[in-house]
Amino acid sequence: MRYRFSGGVHLIPAAGGDAATPPSAVVIPLRRAKLRPPHLRHARLPRPHLVAQIHTGLQKGVVLLSAPPGFGKTTLLAEWASTWPHALAWLTLDADDNDPQLFLRYLVEALRQTGLTDLPPTPELWAYPSPEAAFENAFIALTNALETLTTPLAVVLDDYHLVTHPALHRAMADWIEDLPSHLHVLIATRHDPPFPLARWRGRGRLTELRAAELRLDRHETHAFLTQVMGLHLSEAEADPWYQRSEGWIAGLQLLALGRRTPAAATPPLPGGEDYVVDYLLEEVLANQPAEIQAFLLHTAILDTLTAPLCAAVSPQPMTESEAQALLHHLEHANLFLQPLDAEGRCYRYHPLFAEALRRRLRDLYPAATRAALHRRAAAWLDDHGDPQAAIQHALAGDDLTLVADLLARHGERLLKSGHLPFLLQTLRGLPEDALANEARLALLYATCLALALDLESAAAWASRAERHLRAHPAFTPDSLGPVWAVQSMIAALRGDGERALALARRALDVLPPEDAFSRSYVAFNQALQHALNAAFPQAEAAFNDAIALAQASGNWMLLMMAHCHLGEVQAARGRLSQALETFERALALTANLAHDPLGFRGDLHIEIGEILLKRNALTAAQTYLARGLALVQPWLPTSIALEGYLHLAHLRQSLGDLEGAQDALEQAHAMVHLTQSELDDRIVHLYRLRLSLLRGEWLPAWEWAQREGWLAGDGFNPAAVAEPPLLDSYIRLTLARLLIALGQAQRESALIDQAIRLLEALLPRLEQADFVEAQIEAHLLRALALDHRGEHKAALTALRCALALAEPEGFRRPFLDEGPPLLPLLGQVLATLRRRPADQALPSPAFIQHLMASFTPHATPAEATNSNPLKSPLASLQTHPSAATELGPVEILTPREREILRLVAQGYSNGEIALALCLALNTVKRHLNNIFLKLGVRTRTQAVARARDLGLLD
């Protein structure tokens, strides 16, 4: 064995009485408690998976547990020691052990505790030319003696961070470098020792357990709080504790000690910060050199630490490279600094450590000094393209003038990036004068309020912006273009279509071509108004224009809004597959977002859920609606959640869960109070009436129609009209349904006649608008009315029209909503189709047969209530064969998903699929995730097996 002590000491053998001898001294007795593992408490959290990792790692040679204090390193080693069946030498180190001879005495004694007797004498009995020479000589003799062992031996060195003597580090590194296979070393430390760890990793000699592995996960956090700390918490109630501590065991314990209230009526929330702060300040901060303490305190104001930003706020001037070296040192010193990237360029402090540092900063530095730190950070962030963080630091420094300046310069950019909630919160916190005296800020505030559907306030602030611009000495009418663009949006959202289009045209006349930002909003407002006017071809073209302008201006938020509305228009035109592709394309745009501040992922899940509901894919629709509602809830007020609850009510009623449907309608109604939109209010009321009529309850609809003037005298009032036209179409369909229900209930053929005339007048309008979805319902209602009047041939013709429009894109729910009474008519249509040539036009017999098979009894309310809302789309096909009539499994998957699934079945890798289909790798992964979700599987193998079972690969 070779030892490479870098001190260059030459060992001098003892030569009679001429050799140097150790001075006479009293031998300090050894403390035996340091030579045994700590006693394991009965109330503790076993961690068998980590114990297993240590056992596996011992086969390599050395196991390093390196983490900040309080991560359970010693407890874990003690738990492992209780399972180690061979000889074990344990040594808990302290600061006194930096004396090499004392270190060696303890190590020799720890080895003797295992039963080893053939060991060299302790170094104070040796002749030596210097203390270092004596230690090195003795250490070599000791390790040579251990070479002769044939049975496994493990040596544990706990609290190794207290060792600082270079000779000890060199000796340990050299010993571990050539460790024989039967010897194993385990080291627990708060920071990395100066060993050649990179070389050991490369040779496969090192197993590391760091904070990432030692922290508790959510399940372990719940177990620790309940089993060890004695708190009565569910897993959901324990989650805030996990979020606060991020699995730091000592932090959890201190939080629990500070908030444990056994007699409390409600579960305690994480608290006890004072205990945590005291621990961190005493155990961590106080043990650092003064210059490190100052650096930690100054950089504690930062949420994200990078070298150049730290250099900007550092207490002492430093270069970027110096700051990077210091961050690297702090990371390896395990000072609660967590890397956020693989390159070690970006870090953050553990939240509890950051809180402790900020408290100490407030205690030690006056407010003016802290504000100056925030201004330095804001200036650097502003210069380097992070306006949101710059604004946050300006706010923290109470510099409202700087906040207003940053908002005026960067507000448009932040809005385009989707930071609407942040902008609203910040703008609401500014003094009113600061906003009113700056036209850009007033207009920005008006835009944000309009997008948040606070239309009254938005209109007031837009007017303020206009007045301010008109009062400016350099005023020209052209400067009002952005104001008119915002006012056009407000008018469109209020349902004032004529004013919205007039303002949009006025804005376009004066807005310069390069102002793609304002022009994109004008295009969006025009498209929205076309949609509300039920002019769907014009609306689709305008939304595509808005998308192009939003892309050109980098207006991500409007880009997402336009995609959502474009998909809705495509669905209204009967093109469900195209709408799905639009929604999935938009969902792909959110794939790389760290967060989704406006909840567009939720919106898109709800939109997809609605299409699945139209196709009667109830299980899949339930999955998407539930997930969408969960994703949009954090941001309110919103019309997105309102739509989700309406579709959820429809779905639950389709499952026979009438109570659940009513609950969802109440949730939708609650959203109206938040959006303060009259149009939303009317839509929710119409949806409620439609579902009531489908249940056979016509009285609420009759009372509404009388109250609103839609029924006059003995029937329909032809003079009544509603705005916008889209709403008018929905109202007329509801009225037709009401008249049919009243005619059937009261045996009044005149009411049936009125329904037929109403529908026959409505259908040309719907055809002109290319409103295919409404055409299907109108033909279907007309068929039912004609059949009731005894005109069976005309009824079958009307039903065939509805079926022909529905079949290409799989509209099923409109027919199934009518219930079993529609079955005889469907049967008669099927009989006539069987007598025609097979190659004639739609509808096909197969589609009608599929529909007729889907008329199964509703699930009981209890069954619907107990169903899992996040169940995978095809899971019900496994447990309930009759559920297969909801929707063929092939129709749940998009054509692209089916194409990718076939390549997966042929053994293609993700990269090969991307090359074969000319797709980005991330796009392939996204499609695979959608396939897994819809098939209810987790792996490619499971997906292929499930696909074969369902006939997806035939």
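This structure is a prediction, so every number in the text was calculated from the model and none was measured. (Residues numbered from 1 in each chain as written. Predicted model: local features only at pLDDT ≥ 70, side-chain atom pairs only at ≥ 80, totals over all residues. Heavy atoms only, no water.)

Side note on the overall build of the protein
Rules: Helix and strand assignments follow DSSP, with helices taken as H or I runs no shorter than four residues and strands as E runs no shorter than two, numbered in order from the N terminus. Residue burial is assigned from relative accessible area. The probe radius is 1.4 Å, only protein chains are included, and a residue is buried under 20% of its type maximum, exposed over 50%, and partly exposed in between. Residues count as neighbours in contact if any of their non-hydrogen atoms are within 4.5 Å of one another.
Tallying secondary structure elements over the protein gives 48 helices and ten strands in all. Counting all 954 residues of the protein, 54% fall into the buried class. The long-range share in the protein, meaning contacts at least 24 apart out of those at least 6 apart in sequence, stands at 67%.

Overview of the packing of aromatic side chains
Two aromatic rings, taken as a pair, are described by how far apart their centres are and by the angle between their planes. Defined as follows: Each pair of aromatic rings taken from Phe, Tyr and Trp, with Trp reduced to its six-membered ring, is defined by centres within 6.5 Å and is described as stacked if the planes are under 30 degrees apart, edge-to-face if over 60, and tilted in the remaining cases. Either the NZ atom of lysine or the CZ atom of arginine qualifies as a charge over a ring when it sits within 6 Å of the ring centre and within 35 degrees of the ring normal.
With the rule as written, the count across this model stands at 15 aromatic pairs. Relative to Phe195, the ring of Tyr160 lies with its centre 5.6 Å away and its plane at 55°, an arrangement referred to as tilted. One end of the pair, Tyr160, is in the loop between strand S3 (153-158) and helix H5 (166-177); the other, Phe195, is in the loop between strand S4 (183-189) and helix H6 (197-202), and 35 residues separate them in sequence. Residue Phe195 is classed as buried on the basis of its relative accessible area, which comes to 9%. Measuring from centroid to centroid gives 5.2 Å for Tyr445 and Trp461, while their planes differ by 55°, and the two rings are tilted. One end of the pair, Tyr445, is in helix H21 (residues 439-451); the other, Trp461, is in helix H22 (residues 455-471), with 16 residues separating them in the sequence. Just as Tyr445 is buried, Trp461 falls in that class too. Each residue in the set Phe71, Trp248, Tyr279, Phe336, Tyr349 and Phe353 is aromatic and connected to the rest through ring pairs, giving one cluster. Here Arg506 stacks its cationic end above the ring of Trp484, 5.0 Å away from the centre of that ring.

Here's the deal with the packing of helix H34 (residues 699-708) against helix H35 (residues 725-746)
Working note: a packed helix pair is described by the angle between its axes plus the distance between those axes. Defined as follows: Axes, fitted as lines to C-alpha atoms, cover a helix only where it is in contact. Angles between the N-to-C directions of the axes lie from 0 to 180 degrees. Between 65 and 115 degrees an angle is taken as roughly perpendicular, under 35 as roughly parallel, over 145 as roughly antiparallel, and anywhere else as oblique. Throughout, a crossing is termed right-handed when the near helix is turned clockwise from the far one, and left-handed when it is turned anticlockwise from it by less than a right angle. When residues are grouped by polarity, Ala, Val, Leu, Ile, Met, Phe, Trp, Tyr, Cys and Pro land in nonpolar, Asp, Glu, Lys and Arg in charged, and all others, Gly among them, in polar.
Viewed as axis vectors pointing N to C, H34 and H35 meet at an angle of 120°, and their least axial separation amounts to 10 Å. It follows that H34 is oblique to H35 by the angle criterion. For H34 against H35, the interelement crossing comes out left-handed. Contact residues: H34 offers Ala701, Trp702, Trp704 and Ala705, while H35 offers Ile731, Thr734, Leu735, Leu738 and Leu742. When the residues that make up the contact of H34 with H35 are grouped by side-chain class, the tally is eight nonpolar, one polar and no charged.

Some words on the environment of Asp239
In this structure, Asp239 sits in helix H9 (residues 235-245). Residue classification places Asp239 among the partly exposed positions, given a relative accessible area of 25%. Distance from Asp239 to Thr221, taken between C-alpha atoms, is 8.0 Å for residues 18 residues apart in sequence.

Looking at the packing of helix H36 (residues 749-768) against helix H37 (residues 772-788)
It is the contact of H36 with H37, at a shortest axis distance of 9 Å, that shows an interaxial angle of 155°. With respect to H37, the element H36 is oriented roughly antiparallel. Our pair here, H36 against H37, has a crossing hand that is left-handed. Residues Ile752, Ile756, Leu759, Glu760, Leu763, Leu766 and Glu767 of H36 form the contact with H37, whose own contacting residues are Ala774, Gln775, Ala778, His779, Leu781, Arg782, Ala785, Leu786 and His788. Looking at the contact of H36 with H37 residue by residue, the class counts come to ten nonpolar, three polar and three charged.

Looking at the sheet that holds strand S7 (residues 337-339)
Within a sheet, adjacent strands bond to each other through the backbone by hydrogen bonds, running parallel or antiparallel. Which entries qualify depends on this criterion: In this description, strands pair whenever DSSP reports at least two bridges between them.
One open sheet accounts for three strands, arranged S6-S8-S7; its pairing is antiparallel. Each edge of the sheet is formed by a strand with only one pairing partner; in this case those strands are strand S6 (305-306) and S7. Where S6 and strand S8 (residues 346-349) come together, two bridges link them in antiparallel fashion. Across the sheet, the residue bridging to Thr306 is Cys346, located in S8.

Some details on unusual backbone geometry
Omega for the peptide link from Glu723 to Pro724 comes to 0°, which places this bond in the cis form. The topology assignment puts Pro724 in the loop between strand S10 (715-716) and H35. The phi torsion at Asn334 lies on the positive side, around 55°, for a residue other than glycine. Structurally, the position occupied by Asn334 is in the loop between helix H14 (320-332) and S7. Overall, Asn334 belongs to the buried group, its relative accessible area being 11%. At Asn616, a position not held by glycine, the phi torsion is positive, near 65°. One can find Asn616 in the loop between helix H29 (600-614) and helix H30 (618-632).

A few points about the nonpolar core
Cut-off, in case you're wondering: Buried residues of nine kinds, namely Ala, Val, Leu, Ile, Met, Phe, Trp, Tyr and Cys, make up a nonpolar core once their side-chain atoms join them within 4.5 Å.
Trp80, Leu415, Leu427, Leu799 and Phe815 are the most contacted members of the largest nonpolar core, which has 262 residues in total. At twelve residues, the largest contribution of residues to this core is made by helix H27 (residues 556-572). Among residues more than four places away in sequence, those in contact with Leu799 are Leu780, Ala783, Phe815, Leu822, Leu825, Leu826 and Val829. Formed by 44 residues, the second largest nonpolar core is a distinct cluster that contains Phe103, Ala110, Leu149 and Val163.

What to know about the sheet that holds strand S2 (residues 87-92)
Strand order in the open sheet made by the five strands is S2-S3-S4-S1-S5, with parallel pairing throughout. Where the open sheet ends on each side, the last strands, each with one partner, are S2 and strand S5 (206-210). Taken over all neighbouring pairs, the strand axes of this sheet differ in orientation by 15° on average, direction set aside. Pairing of S2 with S3 involves six bridges; the strand directions are parallel. If you follow Leu88 over to S3, its bridge partner there is Ala154. Across the face of the sheet, helix H1 (residues 48-58) comes into contact with strand S1 (62-66), S4 and S5 while running at roughly 160° to S5. Here helix H2 (residues 73-81) sits on the sheet in contact with S1, S2, S3, S4 and S5, set at roughly 160° to S2.

Examining the pairing of S8
With three bridges connecting them, S7 and S8 associate as antiparallel partners. Among the inter-strand pairings, Gln338 is bridged to a residue of S8, identified as Arg348. Count of turn residues in the S7/S8 antiparallel hairpin: six residues, of which Gly344 carries a positive phi of about 70°.

Here we look at the side chain of Ser844
The line we're drawing: Here a polar contact is taken to be a pair of N or O atoms separated by no more than 3.5 Å, where protein atoms must pair a possible hydrogen donor with a possible acceptor and residues adjacent in sequence count only if both atoms sit in side chains.
Tracing the backbone through its elements, the reader meets Ser844 in the loop between helix H40 (823-833) and helix H41 (845-853). Residue classification places Ser844 among the buried residues on the basis of a relative accessible area of 18%. Side-chain polar atoms of Ser844 contact the side chain of Glu807, separated by 2.5 Å.

Re the pattern of salt bridges
Filter applied, for reference: Salt bridges, as used here, are contacts in which a Lys or Arg side-chain nitrogen is within 4 Å of a carboxyl oxygen on Asp or Glu.
Enumeration according to the criterion identifies 41 salt bridges in this entry. In this structure, the salt-bridge partner of Glu79 is Arg44, at a minimum N-O distance of 3.7 Å. Of the two residues, Glu79 is situated in helix H2 and Arg44 in the segment before H1; the sequence distance between them amounts to 35 residues. According to the relative accessible area criterion, Arg44 is partly exposed, its value standing at 26%. Because the salt bridges share partners, they merge into one network encompassing Arg690, Arg737, Glu777, Arg813, Asp817 and Glu818.

Observations regarding the environment of Gly696
Within the secondary structure, Gly696 is located in the loop between helix H33 (678-694) and H34. In sequence terms Gly696 and Ala741 are 45 residues apart; their C-alpha atoms lie 7.5 Å from each other.

Quick notes on the confidence of the model for the protein
Definition in use: Per residue, pLDDT measures the predictor's confidence, with a range of 0 to 100.
Mean pLDDT for the protein: 83, with 88% of residues reaching 70 or above. Scored below 50 in pLDDT, residues 1-26 shows 36 contacts in the model against residues more than four places distant or in partner chains. Segment residues 260-271 is flagged for pLDDT under 50; beyond a separation of four residues in sequence, or across chains, it makes 19 contacts in the model.

Considerations on the side chain of Thr189
Counting through the fold element by element, Thr189 comes out in strand S4. At 2.6 Å, the side chain of Thr189 forms a polar contact with the backbone oxygen of His191. Other than its neighbours up to four places away in sequence, Thr189 contacts Leu64, Leu65, Ser66, Ala67, Lys73, Tyr160, His161 and Asn334.

Describing helix H38 (residues 792-806)
What sets the pattern is the α-helix's 3.6 residues per turn: residues three or four places apart point alike. The test is simple: Take the number of residues in a helix, subtract one, and multiply by 1.5 Å to get its expected span. The arc in question is the one traced by the directions running from the helix axis out to the C-beta atoms.
Here H38 spans 21 Å end to end across 15 residues, near enough to the 21 Å set by a 1.5 Å rise per residue. Burial in H38 covers these residues: Ala795, Leu796, Ala798, Leu799, Ala802, Leu803 and Ala806. An end-on view of H38 places all buried positions within 165° of arc, on one side of the element. Looking at the buried residues of H38, the elements they touch are H37, helix H39 (813-817), H40 and H41.

As for helix H12 (residues 290-299)
The buried fraction of H12 amounts to seven of the ten residues, a majority that puts the element mostly inside the structure. On its buried side, H12 packs onto S6, helix H13 (307-313), H14, S8, helix H15 (351-364) and helix H16 (367-383).

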